[in-house]
Amino acid sequence: MPEGIVLMLRFGTAGLRGPLRDGPDGMNVETVSRTTAGLAAWLRERCLGGGVVIVGRDARHGSAEFATATAEVLAAAGFAVLPLPRPLPTPVLAFAVRELKAVAGVQITASHNPATDNGYKLYLSGGSQLIPPADTEIERCIEAVRDPIPRADPLPTSPDPHLLNLPSGTPIAELGEEIVRRYLDRVATLPTRLDAQPDHTTTPPARLDTQPDHTTTPPARLDTQPDDATTPPAQLDTQPDHADTLHARLDTQPDHTTTPPARLDTQPDDDAQPGRAEATREQAAARPGGSGTETDSETVGDPGRSSEAFPDVMPLPVRRNELRIALTPMHGVGGETAVAALRAAGFTDVRVVDEQFAPDPDFPTVSFPNPEEPGASDLLLALADRVDADVAIALDPDADRCAVGVRGPDGFRMLRGDETGVLLGDFVLRSAPADALVATTIVSSRLLGKLAPARGARYAETLTGFKWLARAGSGTIGLGPEAAAERHHAGLPIVPRQPRLVYAYEEAIGHCVDPAAVRDKDGISAAVAVAELVARLRAEDRGLLDLLDDYALEFGLHAGDQVSLRLADQAAAAQVLARLRENPPDVIAGTPVTCTDSAQVRGPMRTDALIFEADTFRVVVRPSGTEPKLKCYLEVFEPVPDRAALPAAKQAAAQRLSELRKYFENL
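Since we're looking at a predicted model, the values are computed, not measured.

A.B. asks: Please give an account of the environment of R186 that cites residues and values.
C.D. replies: As for its placement among the helices and strands, R186 is situated in helix α5 (residues 172-188). According to the relative accessible area criterion, R186 is buried, its value standing at 5%. C-alpha of R186 to C-alpha of F95: the two residues are 91 residues apart in sequence and 9.8 Å apart in space.

Below you can see the structure in the form of structure tokens.
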């Protein structure tokens, strides 16, 4: 680049992100206005002018001003703009784009980046993120923008309230609150939909206590019973400042006597009337209340079915209101919405990290507001241990990612994203139709690719980022090699009918448990799904670590780790990778390896990454798409012939991971 020339911000893995500073390479009102004007021109070129566009924001420095500029530029360009009424989680914006059949959605957020950053995340029609070639097309439109950039009040051209079945004259802020209500309605029904019986014509998913013999017992019913014991003083439903404010805004009324919704794989009818709610407010909304409030969740499933853990006795009741959850939104915007969603789903005993509950753009208690960073979840784990929680949940600041903490032999620890990913993938497949599709990325664990065909499901791999994962099964991404081989040996067609994506995850704690409603990672719906899984296991006197041990027996032990080298800038990360590409090692930690340069791969899986493989491990090295980091994704494999061999396998895996970590820390 010639000296003195400053390039504008470019669309990356998650839209535009950059430091808060002046100039075209920083996040500022000028950058946001020009980007929005370019977006408007691109939409008009595709005959989408005048369509509905949703604008949301988080609580970072500058977000309110940037969201206002975005809405006003779009309004001046003739679009019907719906600004969400306050700082809200990114998944609410993604949901709104699908719910209103909007032509686009913009969320002002930098997710888990440092406090000095902000960003501009773009969703297109259908609710998925921007992908090539649309990104470069929009960038060309941005470059063509000329001053002055018109701005106008979005109120006169706001969407017709009838799109949300609201009366004429409904204030624009109420349209936004209706979107939040509908999002909570949808998330609150996850436990019911995850219990629905699959229509299997092939091998059904194994039961929760998966054993290698693949025998299957139908899942136990859910039967939430009221708890007459006194509510503990620290229980969240005694803290109206954390939960009741949102309930008051949403004006929800409970009525749990209606028919449960369809199973999880239900997809919205794209020809249906826009704005139709997936479930009525009365079916799913949380009950506002004080001490002792409970959600009277109905019994789901066949009361005559046997328990999974005890097949010869009546089903064990799953008491959601007895599950104790420790939660932190990590100074972000997800706290109120997450608590409301959990309570609406029946999980009323939620304890929060008070120091991190209110949105704070400075993220004062953490070095980096990312649950994956060392030390970021320390306050959460301390709270979980102190209150004897059944599970700990950390959201990132815009609440699109969810990290899970569990009690182990040495106290509470955070699960890796790959561990949570396979747990939720297996859980979703229990209620999915035969030949459903699950997906993850090339940097994630190999375990889901082994589990999916064993459950009669398809498996796909994509490049990193949910902009690709949300499109898995669209015909642009093929089968993973393990899934293809397993399907062949099982006598199933290698390329069956186009499958329906029911679950996707990336190892960076991003989970999409309900792609029919949100075509992106969603930390809040993932939190509800995790709570439901833990509650069912708890009814059997089991936990998430027990289930992971079962997977090790069935598929071999898969253990992972990550080396993240934080560098001066993204150019420095690229230089380290270039050096490694020029002279790739043929031996790593004493083991011969092969190297695949994904930059030389033809087709849709081409990307800037190196993959090193041996019989006992796999390592992927790539630059981060959102931060100045070089990331090394480590995974080791150990056979586990029987349960007695599991401790030795874990010890061997830990030793090999330590050797790999030492090697890649010194790149």
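A.B. asks: Can you explain helix α10 (residues 378-387)? Please cite residues and give values.
C.D. replies: Those residues of α10 that fall on the buried side of the exposure criterion are L380, L381, L383, A384 and V387. On an axial view of α10, the arc spanned by its buried residues comes to 160°, and they lie on one face. As for α10, its buried residues are in contact with β6 (324-328), β7 (349-352), β8 (391-395), β9 (402-408) and β10 (411-414). Positioned one or two residues after α10, D388 has a phi angle of 55°, which is positive.

A.B. asks: So what's going on with the layout of surface pockets? Residues and values would help.
C.D. replies: Here the largest pocket defines a volume of roughly 1,200 Å³. If you trace the largest pocket, you find 41 residues lining it, with G12, Q570, S624, G625 and T626 closest to the centre. When residues of the lining of the largest pocket are traced back to their parent elements, those giving at least two are β1 (16-19), α13 (466-469), α17 (570-582) and β20 (617-623). Here the residues of the lining of the largest pocket sort into 17 nonpolar, 11 polar and 13 charged. Among the domains, domain 1 (15-159) and domain 3 (556-666) are the pair contributing at least three residues each to the lining of the largest pocket. Empty space within the second largest pocket amounts to approximately 820 Å³. Lining of the second largest pocket is provided by 29 residues; of these, R413, E419, L557, H558 and A559 occupy positions nearest its centre. Mapped by element, the contributors of at least two residues to the lining of the second largest pocket are β10, α11 (417-429), α16 (544-555), β15 (557-566) and α18 (646-665). Looking at the lining of the second largest pocket, its residues break down into 14 nonpolar, 6 polar and 9 charged.

Definitions and limits used
- Residues numbered from 1 in each chain as written.
- Predicted model: local features only at pLDDT ≥ 70, side-chain atom pairs only at ≥ 80, totals over all residues.
- Heavy atoms only, no water.
- Helix = DSSP H or I, 4+ residues; strand = E, 2+ residues; numbered from the N terminus.
- Buried < 20%, exposed > 50% of the residue type's maximum accessible area, 1.4 Å probe, protein only.
- Arc of directions from axis to C-beta.
- Contact = heavy atoms within 4.5 Å.
- 1 Å grid on protein atoms, 1.4 Å probe; cavity = no way out; pocket = protein on both sides within 12 Å on 5 of 7 lines; lining within 4 Å.
- Points joined across faces, edges and corners; volume = space filled by probe spheres on them.
- Nonpolar A, V, L, I, M, F, W, Y, C, P; charged D, E, K, R; others polar.
- Domains from an automatic or database assignment.

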